Every structure is written in C-alpha cells, then in structure tokens.
Amino acid sequence: MIPVGFEYARPDSVDAALALLAEHGEDAVVLAGGHSLLPVMKLRLAAPELVIDIGKLAELQYVRVEGEEIAIGAGTRHRTLEASEVLAAECPLLAAVAHSVGDPQVRHRGTLGGSLAHADPASDLPAGVLALGGTVVLRSPRGERRVPVTEFYTGVFSTVKEPDELVVEVRVPRTGTAGWAYEKFTRRASTGPSSRWPWSTAGSGSSTWGRPRCGPGRPRPRSRAAPRSRRPRRSPTGTPSPPRTSRGPRSTVATSPGCSPGGR
Amino acid sequence: MAVYKAAGELAELAKQRAADLLEASVDDLEVADGRVGVRGTDTGVSLADLAAREQLKVETVFDSGAASFPFGAHVAVVEVDVESGKAVVDRIVTVDDAGPVLNPLLAEGQRHGGIAQGIAQALFEEVVYDEDGNPLTATFADYGFPSAAELPSFTLVDMETPTPLNPLGAKGIGEAGTIGATPAVQSAVVDAVSHLGVRHIDMPATPLRVWTAIQAATEGAK
Amino acid sequence: MTSTVKVQITVNGQPTSADVEPRLLLAHYVRDVVGIKATNIGCDTTSCGACTVLLDGESVKSCTVLAVQADQQEVTTMEGLSPSPDELHPVAAAFRQEHGLQCGFCTPGMVMATVSLLAENPHPTEREVRENLEGNLCRCTGYHNIVRAVLAAAEAQGGDS
Ligand SMILES: Cc1cc2nc3c(=O)[nH]c(=O)nc-3n(C[C@H](O)[C@H](O)[C@H](O)COP(=O)(O)OP(=O)(O)OC[C@H]3O[C@@H](n4cnc5c(N)ncnc54)[C@H](O)[C@@H]3O)c2cc1C
Ligand code: FES
Ligand code: FES
C-alpha cells in the first residue's frame, strides 16, 4: 500500500516548522514518528499535500527535570522514555506506560508528542499523562501556551490544538517513589464489539499521587459499573479513524514495587 | 512409502544388472555409497555407470490397504481472569505418536506450529463480518493472530508406535498439533470457569465470549 | 506528480543515493531501488514485522518508514549481517542451529528484531524475548524454536551484562 503523493519538507528548527505550518494551514500535516500517520496515509484515509517532518529535530528530544516537573520534548521516542533513567527515578509510571506501547519497532519510532496529538482513545501515553495530571505545551507563531492535559482532549481523535500549533513539550510531575499501577487491555475486532463489553480499550493508569484516569474521549476509570460506550469509527469532526493498531488481546499490568494491581 | 518401496526395487534391479556386468552372484552384491559392489572386495560399479549403460528405472505403487492412525494426547493449563474473561495458556504438554520419525527436527517443528495454531483457534482467530457483510478482520491489526508474547513454550513428549500397515511403521504428523491443541485449550477454559456454572463457550473463547458466558451463568444462578 | 527528494542512505555499510518520491517506503527503497530482497513485505500494515530492518542499529518496520525519513542514516538488512554464508552472524547461526524457521518468510524480520533486542538487552529472559518479539508474526514455528534460537544467540554472544 502506497500513500497518495505529497510534497515533503524537513525543516531544521521548530521555528521553521511552525512557519511552514502557518503558511500551508490544513493542507499540511506534521510527521513525527509516523506510526499513526503513515498507516493512515497508506490506507489513503489521509492525503495531505505537504508533510512536514519534525522527526529529526533534536531540539524536541529531551527528558529533564525542571523544578517539581519533568519536561519531555514532544519528539522523544517511546523507547527513550522506556529506558530513561530520569523517568525511572522520578516518574516510573510514564516509563512503564511507554514500555507497554505496541512492540519494540513501534517504540523505536513513535513519539510522545505524536501519541498525545493523535488522541486515539486506545493509546497508552495519553492515559499515562492523564493519570499523572500532566501539561501539554503548544507553540505557534502566535506564542506558546500550556494546557493541562485534562483540558487538551475534546473527544476521540480531537484536541484543542489549533492547526498552526505544534506540541513542543509535555510536562509531568515528579512522583518519585509514589506507588502506581498501570493496566491495559487490548481489544481487536475479533475480540467482539466494545459496545457489549464493559472493558475499555484504553489503558488506565493510577498512582497514589494522582487520580485514576483513562485515555482521551473517555474521562472515566475502567470499571465494571462504567457506562458502556462504543468506539466510534469516525471522530466528531468526520476524520476517518485509523486502523486499530494495537495488537492483542492481552493485558499488561505494571506496578510499582509493593503496589498490587487492582483487579486483573 | 512408495519411495521406500521403489528404492528397494531399484536397488534390486541395479544388483541384477551389476551381477551380469561383474559376473558375480546377486547374493554377493551390496548397494552402498552410490555403488553396487561385491561384498568384501573392491570390485564394483557405480550406479551412474550402470544407468549410463541402460536407464535404471522402476515404477511402483504402494497401497497401505487401510488408514493408519496417528494418535496422541494434549493437556493444556490455562488461567482465566473471571473479571475480564481473558484466558492465558500457561502450559501445554503434548504426546503425538507418528510412529518412527525420520527427521525429528522437522517433526517437532510441525508439532510446534500446529500447537500454536490450535491454541490460536481456541482463543484468538476468527474471521468477523459486520451486519452488512463487511469484513472486520481484513488485516493483522484486527485479526487475532498470536505473537510469541501470547504463547508459552511447549512440552513435547515423544512416543513411537509403529503401524503394521507399512514397512517403515510411519503414520503421520501433519495436523496433530492443530487437532489436539484446540479442544484441549477450549475445554480447559470452560473447566476453569465451570465452578461459576459455565458449561459451554463458543470458539474462539475471546474475553467477550468468556465474560458473557460467566455473566449468563452467574445471573442464572441468582 | 510530486517533486522528488534526494536521499543518501548507507545500506549495509555501502553508501546509496537516489532521487525518490517522498511517499516511497523504506522497504521499497531497499528492495527495489537498492535491489536487495531479503527484507520481506508481509502485511504492509505494520503488524507482522517481516519487513524489519535496523535503522541506526534499532529495529524498525520498513513498511512504515519513508525512505526520506531514513536520509543520512544507516540501514542494516539481513544481507548486511553475516560476513559470508560460512561465517554467519551469531543470531543467524542460532536460528539455523535451533531450527528457528520453517518457511522462512518471517525469518529476516525475526533475525533483525533479535539483533536489536540483544543490543538493548544482551541477556533477556524467555518472557522478555517473547514480549520483545511481539511485533514479529510467524505462522509456522509456534515461536518455540525462535525463542530458543534467541536465547541461544544471547548465550553465544556472551555480551556484557
Ligand atoms: C503496530 C502498531 C502498534 C501500536 N500499538 C500502540 C499501543 O499499544 N499503544 C499506543 O499508545 N500506541 C500504539 N501505537 C501508536 C504509536 O504509539 C504511535 O507512534 C503514536 O500514537 C503516534 O506517534 P508518532 O510520533 O508516530 O506520530 P505520527 O504518526 O507522526 O503523527 C500522529 C499525528 O499526530 C500529529 N503530530 C505528531 N507530532 C506532533 C506534534 N509534535 N505536534 C502536533 N501534532 C503532531 C501528526 O500530524 C499526526 O496527525 C501503535 C502503532 C502501530 C503502528
Ligand atoms: S510488512 Fe511491515 S510489518 Fe508487515
Ligand atoms: S517460518 Fe514461516 S512464517 Fe515464520
């Protein structure tokens, strides 16, 4: 499967990328790891005119402690999060959530910013960042703004991000040694329709520090009593949903030492 | 089996031809290392030379007369999470008796692959259509194909009972894994939740199906 | 018709270069532009891992990477792994030794995924091997001998723990 032809730009700075985005508006799309975007383009469910590749921008790739928070560049790959010593010490939940994404090949490519911006309710990192009560830093030629992740998502596959904005950074609190648990259940078409099965596809993370939460479009913890919702094939904006990319069925339970996974 | 029989007949034919050529008795000849030689001497002729003089060819048919019966037993240990309905195979032990095995490496590989497919048939694999007939499992992103992460290593127990129906005693191994593993795993899943009153679950025993069966059984019990 | 972009990609240690359409996938670059065919395309939907190659030493599914994304980087395929057929890379040798393949379609991807795994984790447990091969599907082997091959390769490579 081959995407529809497109023009390609690889700006060498975030500012240059923002300028291109501002110039081309909705005809352009940002490419980070490409592991949500390219499958959709290959299926021709998306056909942007211009692809702006930010995947090699070193200025978007970092994990560092800043005061009481950890600042993570949007271009940081899942694999980097998984192996990060800073996260292991300061926010092990996020490292474990990154580790639970897909498979190693996916983790070598996918980025935190791409995962958050894509807003797939079945994805792990939005759930993790929600559980942690993190902040998404958005930048455009108009300036920078910080949006609490609880206000970032407006629905399935949709966020408050404007077309000319880039996610440049994600900030999560330093949870240190606080206990945490992360549970994930992967569903497929052959698992059966979610409308009849109360387990959410989204992972949910919780820590003794934060509140239990789950992924975008589903601001509720997974529980038997939770209202049953159907995973839409189309987002409210009419964007076709990408193919389900999570493999499974399987569940991943990761917990901090001494913290028991709540109800497997 | 036909190849085995034909090879034997061809060796006999080669010995007869060589007997004429070497002026030896057929009983003193042996076929080894691509040659027909007089036992205990250096005298002999290569099969290639024999065939060059006159084509060495036999045609034969082997009919076993009746079907042979490979048999075996598969035992599965599964763990079922009764809250989500998810089943995990912890262990699978299989005995597959194919009779004498010529190439154990290939025979084991055949069993491994079959067991995996059998487990998958019991737990994951299903072609699903929506109400309008559109396939929902058109790619591996949607179709329940197991990866290494969803399977255990397998314990194979060897057993070789020859069949009297052919000279090698060999039976067959082709589908042994898929035939045995599926009911073993499926029955283990049902057994694991039978204390809740579940008696049957359709294949594949997906979390939804297991969970639904548990709900139905426990509601019924109320 | 969209404009082409010049890429320079080192493939198995050899510099390669071509003007490519931005939509050209790395899998097709390797197979059709460079012309080496060990890298298989199976599902083409990022699920099977048959197309796995190393990009700067890390496993990636080359059906889901654009050639332009690999510009100025190093790609390693199965062809680039072993010095010669008599001198197999330890992972390839272990797959042969342990009969870690049957039809062989998944094998180049499995081997490349394994090389990447062992670079990150030289002494994986069986569980870790299974979880790290999750992106590579095999219909034939039930993974049993593949997992054994990976563990044997880890043993053979020694590695620094
Ligand atoms: C086989 C497979 C299995 C997967 N399994 C899982 C899983 O188990 N769990 C999980 O969570 N995810 C999974 N994913 C998704 C994976 O994590 C993606 O990599 C991730 O969701 C998107 O990140 P990306 O960098 O690849 O984004 P891209 O694909 O490059 O982009 C995705 C979208 O976000 C936009 N975007 C990207 N970066 C930015 C930015 N900085 N600012 C603004 N917009 C941006 C793009 O324009 C695009 O619309 C899987 C993917 C595959 C292919
Ligand atoms: S062909 Fe690339 S993952 Fe299947
Ligand atoms: S050996 Fe045939 S798919 Fe793996």
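Residues numbered from 1 in each chain as written. Chains lettered and ligands numbered in written order. Predicted model: local features only at pLDDT ≥ 70, side-chain atom pairs only at ≥ 80, totals over all residues. Heavy atoms only, no water.

So, about the overall build of chain A. In terms of helices and strands, chain A carries nine helices and 14 strands. Looking at chain A residue by residue over its 264 residues, the buried ones come to 60%. (Helix = DSSP H or I, 4+ residues; strand = E, 2+ residues; numbered from the N terminus. Buried < 20%, exposed > 50% of the residue type's maximum accessible area, 1.4 Å probe, protein only.)

Attention shifts here to the site of ligand 1. In the vicinity of ligand 1 lie 30 residues, with Val30(A), Gly34(A), Leu37(A), Thr111(A) and Asp124(A) positioned nearest. Nearby residues place ligand 1 at the junction of chains A and C. At 2.7 Å, a backbone N or O of Leu37(A) approaches an oxygen atom of ligand 1. Measuring from an oxygen atom of ligand 1, one finds a backbone N or O atom of Gly102(A) at 2.8 Å. When the free accessible area of ligand 1 is taken as 950 Å², the share hidden by the protein chains comes to 94%. (Near = heavy atom within 4 Å. Polar contact = N/O pair within 3.5 Å; in protein donor to acceptor, adjacent residues only side chain to side chain. Areas by Shrake-Rupley, 256 points an atom, 1.4 Å probe, with all protein chains shown as cover.)

The subject of this paragraph is the interface of chain A and chain C. Taken together, the 31 residues of chain A in the interface contact 35 residues of chain C. In this assembly, chain A packs against chain C so that about 2800 Å² is buried in total across both faces, 51% of it on carbon and sulfur atoms. Lys42(A) is the salt-bridge partner of Asp44(C), the closest N and O atoms lying 2.6 Å from each other. On the surface where chain A and chain C come into contact, there are 16 residue pairs in polar contact (both at pLDDT 80 or more). Only β1 (7-9), α2 (37-42) and α6 (104-109) of chain A provide two or more residues apiece to the side of chain A that touches chain C. The element that contributes the greatest number of residues to the side of chain A that touches chain C is α6(A), accounting for six residues. Of the residues contributing to the side of chain A that touches chain C, the split by class is twelve nonpolar, seven polar and twelve charged. (Contact = heavy atoms within 4.5 Å. Buried area = accessible area lost by both parts, 1.4 Å probe. Salt bridge = Lys/Arg side-chain N within 4 Å of Asp/Glu carboxyl O. Nonpolar A, V, L, I, M, F, W, Y, C, P; charged D, E, K, R; others polar.)

All names here are of chain B. Among the structural elements, alanine 87 can be located in strand β5 (residues 87-97). Overall, alanine 87 belongs to the buried group, its relative accessible area being 9%. Measuring from C-alpha to C-alpha, the distance between alanine 87 and alanine 184 comes to 13 Å, with 97 residues separating the pair along the chain. Apart from residues no more than four positions distant in its own chain, alanine 87 is found in contact with Glu79, Val80, Leu123 and Val189.

All names here are of chain C. Domain annotation of chain C identifies domain 1 (5-79) and domain 2 (90-156). The distance between the C-alpha centroids of domain 1 and domain 2 comes to 21 Å. Contacts between the two partners involve 18 residues from domain 1 and, on the opposite side, 14 residues from domain 2. Of the roughly 1200 Å² buried at the junction of domain 1 and domain 2 (both faces included), carbon and sulfur atoms supply 65%. Sorting the residues of domain 1 by area buried against domain 2 places Asn40, Thr52 and Met78 first, and these three jointly supply 38% of that buried surface. At the junction of domain 1 with domain 2, the criterion picks out zero salt bridges. Between the two partners, domain 1 and domain 2, sit five residue pairs in polar contact (both at pLDDT 80 or more). Of all the elements in the fold, those that place two or more residues in the side of domain 1 that touches domain 2 are β3 (52-55) and β4 (58-61). The class makeup of the residues in the side of domain 1 that touches domain 2 is seven nonpolar, nine polar and two charged. (Domains from an automatic or database assignment.)

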